[in-house]
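Listed below, chain by chain, are the residues.
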Amino acid sequence: MKTIIITIFVSIFCIPLHAQVQKPKYIFLCIGDGMGQVQTQVADAYLREQSKDSIPFLYFPHNGFQTTYSLSSKITCSAAAGTALACGVKTKANHIGVDATGLFKLESIATTLKKKGYKIGILTSVSIDHATPAVFYAHDASRSNYHSIAMQLPESQFDFFGGGAFVKPVNGKHNAYAELKKYKYSLITSPDSLQYAAQLKTKVCVFDNHTELSYGIDALNNRMKLSDIMSTAIACVQSPQGFFIMVEGGKIDWACHSNDAATSIGETVEFSKAVDKAIEWYKQYPNETLIIVTADHETGGMGVGAALYPYYTNIGLLANQQSSYVVCEQKITEKINTYGTQFTFDSCMTFLSGMYAIGQNNLQLQAYDSLRLQRAYNFVFSIDDKTNSDDARLLYNLSPSALYTSGNKAQAIVVTMNKILAEKSGIGWTTYAHTGVAVPVYAIGAGSEIFEGTYDNTDIPKKILSLLEITK
Ligand SMILES: [Zn+2]
């Protein structure tokens with residue numbers, strides 16, 4: 001008992017004792033939104049099966065766990081968790097860089113390091129004004145105030161921003177892009193121009209021409225990739241004074257909200273490729289670089305092991321899925337709008353056979369699978385449908401209001417097919433929302449040993465600052 005107490009004490013409070021702890025000059029904080037331990041493990045297993053590849057950060061030498069609860073709930077949102085990771089303070093749901101009252105601004109580690117002369121880069125695969133990137137530069141009691149958040153970005157004077165474009169750049173005569181110009185930021189919006197960013201010698205914003213990067217599984221052309229934006233960020237912020245880069249894999253969360261295992265793997269791999277750019281830098285400067293990979297929370301309650309097929313897994317089966325739930329839903333909606341009831345259940349099954357390579361790689365549908373797909377189809381076309389609001393929520397992740405609109409009912413068919421594929425791959429889900437489990441921390445480099453153990457999300461920025469002997 002005594003040793004356990006000492007170990008915990010040493011791991012959290014006695015950082016100063018380790019005088020020989022190396023002081024990082026180049027710091028990477030990599031946040032997989034919604035990326036619990038299982039999301040990473042499954043992506044690693046999938047890569048090993050498909051391409052003899054793996055997820056390198058999973059094997060970093062120092063591992064820990066951080067608790068993610070907020071002041072509103074044991075199950076946090078990204079804004080509260082982000083504020084804890086960026087500012088080291090617990091707050092309420094939806095709060096961006098402000099305290100529980102929503103009145104007091106909290107200084108982020110990025111702002112603190114900027115004041116100390118570090119160069120700062122903030123990048124993500126979702127919109128740059130989304131919760132996780134926003135907590136590093138903005139302050140607002142509501143994460144949905146996209147315009148006010150966007151207007152605060154240039155005021156931060158951070159050196160590099162990259163990701164999806166602003167959700168609400170204009171409000172009346174206020175325009176966030178004009179604000180960027182006023183603060184002398186260069187704006188790059190085409191993937192081909194990324195290579196020139198570092199030569200600009202100015203503060204740089206790199207935005208995809210959508211408010212989010214495309215899903216890795218969809219492999220859309222002429223779209224920016226998180227790993228390319230990461231290379232550009234490193235090129236733009238490298239400086240003898242050091243730099244701090246926060247990179248977010250934001251759409252792991254979205255894929256898991258839809259219980260789409262194949263798309264979640266694709267996003268975890270895209271995120272891992274961005275982390276690989278940090279590893280390349282680390283290999284050049286191993287004694288001065290610190291890389292921390294973690295999550296803000298887990299999404300979906302992803303598990304290895306599904307109720308319908310106990311003790312059975314076949315992760316490789318997920319390779320049958322050809323596109324993300326978004327693209328699949330769009331295509332079904334197009335068919336419904338074009339053909340109406342001419343888009344029969346049989347033609348729907350033919351469509352799904354194409355999108356999921358049914359019949360290949362041993363993917364066969366059982367009677368129970370067809371029954372569930374028929375039921376989802378009947379729900380979409382309101383054919384003697386008895387689906388009530390609880391069914392809609394539980395079976396199709398649809399809010400009760402969806403019962404009365406035809407629009408996004410196609411989701412019912414896609415959620416059902418993805419659930420069937422997940423079961424046959426051995427993947428289970430407990431929810432369409434976030435969960436309250438602690439999430440892993442993977443660390444390598446200067447001072448990384450202090451990220452071992454179990455602690456709270458608010459401890460992450462505190463540990464980084466303690467390595468730099470910076471007190472706020
Ligand atoms: Zn989420």
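Before any of the text, the structure's been laid out above.
None of the values given here were measured: they were computed from a predicted structure.

Enquirer: Go over the overall build of the chain, please, and point to the residues and values.
Expert: Helix and strand counts for the chain come out as 16 helices and 15 strands. Since a compact globule built from 472 residues should have a radius of gyration of about 23 Å, the 23 Å found for the chain is in line with a globular shape. For the chain, the spread of C-alpha atoms along the principal axes amounts to about 70 × 65 × 45 Å. Counting over 472 residues, the chain shows a buried share of 57%. When the accessible area of the chain is evaluated, it comes to approximately 19,600 Å², of which 55% is carbon and sulfur surface. Here the chain contributes 39 positively and 40 negatively charged side chains, and the mean placements of these two sets differ by 6 Å.

Enquirer: Outline the pairing of strand β8 (residues 203-207), supporting the account with residue identities and numerical values.
Expert: With 5 of 5 residues buried, β8 is to be regarded as a mostly interior element. Because side chains alternate across β8, one face comprises the buried residues Lys203, Cys205 and Phe207, and the other comprises Val204 and Val206, equally buried. Relative to β8, strand β4 (residues 160-164) runs parallel, the two being bridged by 4 bridges. Within β8, the position partnered with Gly162 by the bridge is Val206. Alignment of strand β7 (residues 185-188) against β8, held across 4 bridges, turns out to be parallel. Looking across to β8, one finds that Leu187 is bridged to Cys205.

Enquirer: Could you give an account of the coordination of the zinc ion, with specific residues and numbers?
Expert: Looking at the zinc ion, the protein donor atoms are Asp253 (OD), Asp253 (OD), His257 (NE2) and His434 (NE2), and they sit 1.9 to 2.3 Å from it. Angles of 58 to 155° at the metal separate the 4 donor atoms of the zinc ion, which places the site in the irregular class. Spacing between the donor residues of the zinc ion along the chain follows D-x3-H-x176-H. Of this pair, His257 sits in helix α9 (residues 251-257) while His434 sits in strand β13 (residues 434-435), and the two are 177 residues apart along the sequence. A relative accessible area of 24% means that His257 is categorised as partly exposed.

Enquirer: Describe the nonpolar core, with residues and values.
Expert: Among the nonpolar cores identified, the biggest contains 90 residues, and Phe28, Ile291, Val293, Leu352 and Tyr356 are the most heavily contacted of them. Per element, the largest residue contribution to this core is 11 residues, and it comes from helix α10 (residues 261-284). Taken together, domain 1 (2-16 + 23-301 + 432-467) and domain 2 (303-428) each give at least three residues to this core, which thus spans both. Look past the residues within four positions of Phe28 in its chain and what remains in contact with it is Met230, Ile234, Phe243, Ile245, Ala278, Trp281, Thr289, Leu290, Ile291 and Ile292. Core analysis: the second largest hydrophobic core is formed by 53 residues, Ile96, Met151, Phe161 and Leu180 among them.

Enquirer: Can you tell me about the side chain of Asp260, naming the residues and giving the values?
Expert: Within the element layout of this structure, Asp260 appears in the loop between α9 and α10. Despite its burial, Asp260 remains without a salt bridge, the nearest opposite charge being carried by Lys251 at 11 Å. Of note is the side chain of Asp260, whose polar atom sits 2.7 Å from the side chain of Thr263. Of the polar contacts made by the side chain of Asp260, one reaches the side chain of Gln321; its length is 3.0 Å.

Enquirer: Would you mind going over the side chain of Thr68 in detail, with residue names and values included?
Expert: Tracing the backbone shows Thr68 in the loop between β2 (62-67) and α3 (78-87). Thr68 sits in the buried class, given a relative accessible area of 2%. The residues touching Thr68, leaving out its near neighbours within four places in the chain, are Thr76, Lys90, Asp296, His297, Gly436, Val437, Val439 and Asn457.

Enquirer: Requested: an account of the environment of Ala376, with residues and values cited.
Expert: Examined against the element boundaries, Ala376 turns out to sit in helix α13 (residues 367-380). Distance from Ala376 to Pro24, taken between C-alpha atoms, is 53 Å for residues 352 residues apart in sequence. Beyond its immediate sequence surroundings of up to four residues, Ala376 is in contact with Tyr396, Ala412, Ile413 and Thr416.

Enquirer: Outline the packing of aromatic side chains, listing residues and values.
Expert: Taken as a whole and assessed by the stated rule, the structure comprises 20 aromatic pairs. Both rings, one in Tyr26 and one in Trp281, keep their centres 5.1 Å apart while their planes meet at 80°; by these two values the pair is edge-to-face. One end of the pair, Tyr26, is in strand β1 (residues 26-34); the other, Trp281, is in helix α10, with 255 residues separating them in the sequence. With relative accessibility at 6%, the residue Trp281 sits in the buried group. Pairing Tyr26 with Tyr285 gives two aromatic rings, centres 5.5 Å apart and planes at 55°, and the pair type is tilted. Pair noted here: Tyr26 is in strand β1 and Tyr285 is in the loop between α10 and β10 (289-299), with a separation of 259 residues, a long-range link. Feature note: the residues Tyr26, Phe28, Phe243, Trp281 and Tyr285 constitute an aromatic cluster, connected by ring pairs. The lysine or arginine in question, Lys203, covers the ring of Tyr185, its NZ or CZ lying 5.0 Å from the ring centre. The ring of Tyr215 is capped by Lys251, whose NZ or CZ atom sits 3.8 Å from the centre of that ring.

Conventions we followed
Residues numbered from 1 in each chain as written. Predicted model: local features only at pLDDT ≥ 70, side-chain atom pairs only at ≥ 80, totals over all residues. Heavy atoms only, no water. Helix = DSSP H or I, 4+ residues; strand = E, 2+ residues; numbered from the N terminus. Rg over C-alpha atoms; globule rule 2.2 N^0.38 Å. Buried < 20%, exposed > 50% of the residue type's maximum accessible area, 1.4 Å probe, protein only. Areas by Shrake-Rupley, 256 points an atom, 1.4 Å probe, with all protein chains shown as cover. Lys, Arg positive; Asp, Glu negative; His and termini not counted. Charge placed at Lys NZ, Arg CZ, Asp CG, Glu CD. Pairing = 2+ DSSP bridges. Donors = N, O, S within 2.8 Å, 3.2 Å for Na, K, Ca; no water. Tetrahedral: all angles 85-135°; square planar, octahedral: opposite > 155°, others 65-115°. Core = buried A, V, L, I, M, F, W, Y, C linked by side-chain atoms within 4.5 Å. Domains from an automatic or database assignment. Contact = heavy atoms within 4.5 Å. Salt bridge = Lys/Arg side-chain N within 4 Å of Asp/Glu carboxyl O. Polar contact = N/O pair within 3.5 Å; in protein donor to acceptor, adjacent residues only side chain to side chain. Phe/Tyr/Trp six-rings, centres within 6.5 Å; stacked < 30°, edge-to-face > 60°. Lys NZ or Arg CZ within 6 Å of the ring centre and 35° of its normal.

By themselves, these figures tell us nothing about what the structure is for.
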